[in-house]
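One letter stands for each residue in the lines below.
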Amino acid sequence: MQDAYIVDAVRTPFGKEGGSFTDTHPQDLAAEPLLALEERNGFEGSEDIEDVIYGCVTPSDEQANNIGRLAPMVAGWGDDVPGVQLDRMCGSGQQAINFAAGQIRGGMHDVIVAGGVEHMSRVPMGSAGNSITDTYFEHFDELTTQGEGAERIAEQWGFSRDDVDSIAADSQSRWGEAADAGKYDDQVVPVETELDGESVVVEEDEHPRPGTDKETLSQLPLAFRAPDDGVIHAGNSSGIVDGSAATLVASGEACEEHGWEPMARIVDTHVVGVDPVTMLTGPIPATNEILEQNDMTVDDIDRFEVNEAFASVITAWLEETGADWEKTNVWGGAIAHGHPLGATGAGLLGKLPYQLEECDGQYGLCTMCIGFGQGVATIIERVE
């Protein structure tokens, strides 16, 4: 079995809902990381890329017709580069990279671009409709929302509003410190587009509010429950944003052939299923199981990226895994920069090689909660 490497990882800035990407078509947004990868790594997309795997959670309207195929076509890679769109809900972008790694490790491909896109302003959540039928309830008693799942996690673990707001405030301040220090400069690529007929260049995430503190958060109304009956609100939930992200994944032989110096080796990948009622606990067993199958513990991991779908998800994950918050989401997470559903996993996993280089670490682990009760995890090892 050959190794699979992350050669490069890029993403667009994440534009706030109704923000600078409002007039940008999702296909054009999806093409931006492909163009950046091509320019940065000196390959010819039409000749060197064997497949494009893109996550997209709402593949309807402007994101329909297999945006994974359309993105390389819009990027000018011609008609020779195939592409596929996948939907593992919030874990789609990470799953795209995991699938690419499997294809390369199995010797079926050598060079794949994997990532995802979600334009939540132009194709809102829920646009694809609701496919739940009565037969679902022959096996499961209840269908909950993710927000209600986050509330039930807070109840199950006994988290207070102050507990989850602390995580949210940290996410915002960490993003601000990282952005000010230029930590995102190598991964986030500027996007030139049009807004209201005027040319604009989007260079930075638009959703973060780095001045946010717990006092500010304490004033926000609950999002999913009546007052005084919960802890989840807009300020400790992930932001609705528009964005795309992609990685260049290649075999060692391809790296040598193209003269690429890989950033990280993909050590292993894993997925789990969990209770669809609380829904969002998947990162806990996903983390524990992938560590166990690699004879590792949380102490072996130098940096964690855990999707901040809701702050209660992170708080439960920290308690159950014993991971160190000071090694987790150190540059801020989705509560700050937002969660463009199909792209987030590629953005989070793409952060890790940069973080490992910055801290001189060896191993990174990325994990995400997923709707209807799933979890996904990936371990990478820095290549020095």
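Worth saying up front: this structure is predicted, and the values here are computed from it rather than measured. (Residues numbered from 1 in each chain as written. Predicted model: local features only at pLDDT ≥ 70, side-chain atom pairs only at ≥ 80, totals over all residues. Heavy atoms only, no water.)

## With respect to the environment of Leu 34
Next up, step 1: By the element assignment, Leu 34 lies in helix H1 (residues 26-41).
Next up, step 2: Spatially, the C-alpha atom of Leu 34 lies 8.6 Å from that of Thr 247, the residues being 213 residues apart in sequence.
Next up, step 3: Look past the residues within four positions of Leu 34 in its chain and what remains in contact with it is Tyr 54, Ala 71, Pro 72, Ala 75, Trp 77, Val 113 and Ala 246. (Helix = DSSP H or I, 4+ residues; strand = E, 2+ residues; numbered from the N terminus. Contact = heavy atoms within 4.5 Å.)

## Notes on the environment of Glu 357
Next up, step 1: Among the secondary structure elements, Glu 357 is positioned in helix H12 (residues 341-359).
Next up, step 2: By relative accessible area, which is 54% here, Glu 357 ends up exposed.
Next up, step 3: Through-space distance from the C-alpha of Glu 357 to that of Glu 384 is 8.4 Å; in sequence the pair is 27 residues apart. (Buried < 20%, exposed > 50% of the residue type's maximum accessible area, 1.4 Å probe, protein only.)

## A few points about the packing of helix H5 (residues 146-157) against helix H10 (residues 311-321)
Next up, step 1: Two numbers describe how H5 lies on H10: the axes approach to 9 Å, and their chain directions differ by 35°. As for the relative orientation of H5 and H10, their crossing is left-handed in sense. Each of Ala 150, Ile 153, Ala 154 and Trp 157 in H5 lies in contact with H10, whose residues at this interface are Ser 312, Val 313, Ala 316, Glu 319 and Glu 320.
Next up, step 2: Within the contact of H5 with H10, the residues separate by chemical class into six nonpolar, one polar and two charged. (Axes fitted to C-alpha atoms, helices over the stretch in contact; angles between N-to-C directions. Left-handed = near helix turned anticlockwise from the far one by under 90°. Nonpolar A, V, L, I, M, F, W, Y, C, P; charged D, E, K, R; others polar.)

## Topic: the pairing of strand E8 (residues 241-251)
Next up, step 1: Burial analysis of E8 places 11 of its 11 residues in the buried class, the great majority of the element.
Next up, step 2: Alternating residues of E8 divide into Val 241, Gly 243, Ala 245, Thr 247, Val 249 and Ser 251 and Asp 242, Ser 244, Ala 246, Leu 248 and Ala 250, and every residue in both groups is buried.
Next up, step 3: Two strands pair when backbone bridges link them, and strand E1 (residues 4-11) and E8 are joined in this way by seven bridges, in the antiparallel orientation. Bridge assignment links Tyr 5 to a residue of E8, and that residue is Ala 250.
Next up, step 4: With two bridges connecting them, strand E2 (residues 15-16) and E8 associate as antiparallel partners. Counterpart to Gly 15 in the pairing with E8 is Asp 242.
Next up, step 5: Bridge analysis of strand E5 (residues 111-119) against E8 gives nine bridges, and the strand direction is antiparallel. The residue bridging Val 117 from the neighbouring strand is Ser 244, located in E8. (Pairing = 2+ DSSP bridges.)

## A few points about the packing of aromatic side chains
A ring pair, where both rings are aromatic, is described by two values, the distance of the centres and the angle of the planes.
Next up, step 1: Counted under the stated rule, the structure contains eight aromatic pairs.
Next up, step 2: The interplanar angle of 70° and the centroid separation of 5.8 Å between the aromatic rings of Tyr 184 and Trp 331 together place this pair among those described as edge-to-face. Of the two residues, Tyr 184 sits in the loop between helix H6 (161-180) and strand E6 (191-195) while Trp 331 sits in the loop between H10 and helix H11 (334-337), which places them 147 residues apart along the sequence. Comparing Tyr 184 with Trp 331, the two get one shared label, buried.
Next up, step 3: Here a set of aromatic residues connected by ring pairs shows up, and it is made of Tyr 136, Phe 137, Phe 140 and Phe 372.
Next up, step 4: Taking the ring centre of Phe 14 as reference, the NZ or CZ of Arg 11 above it sits at 4.0 Å.
Next up, step 5: Directly above the ring of Trp 325 sits Arg 174, whose terminal nitrogen or CZ lies 4.1 Å from the centroid. (Phe/Tyr/Trp six-rings, centres within 6.5 Å; stacked < 30°, edge-to-face > 60°. Lys NZ or Arg CZ within 6 Å of the ring centre and 35° of its normal.)

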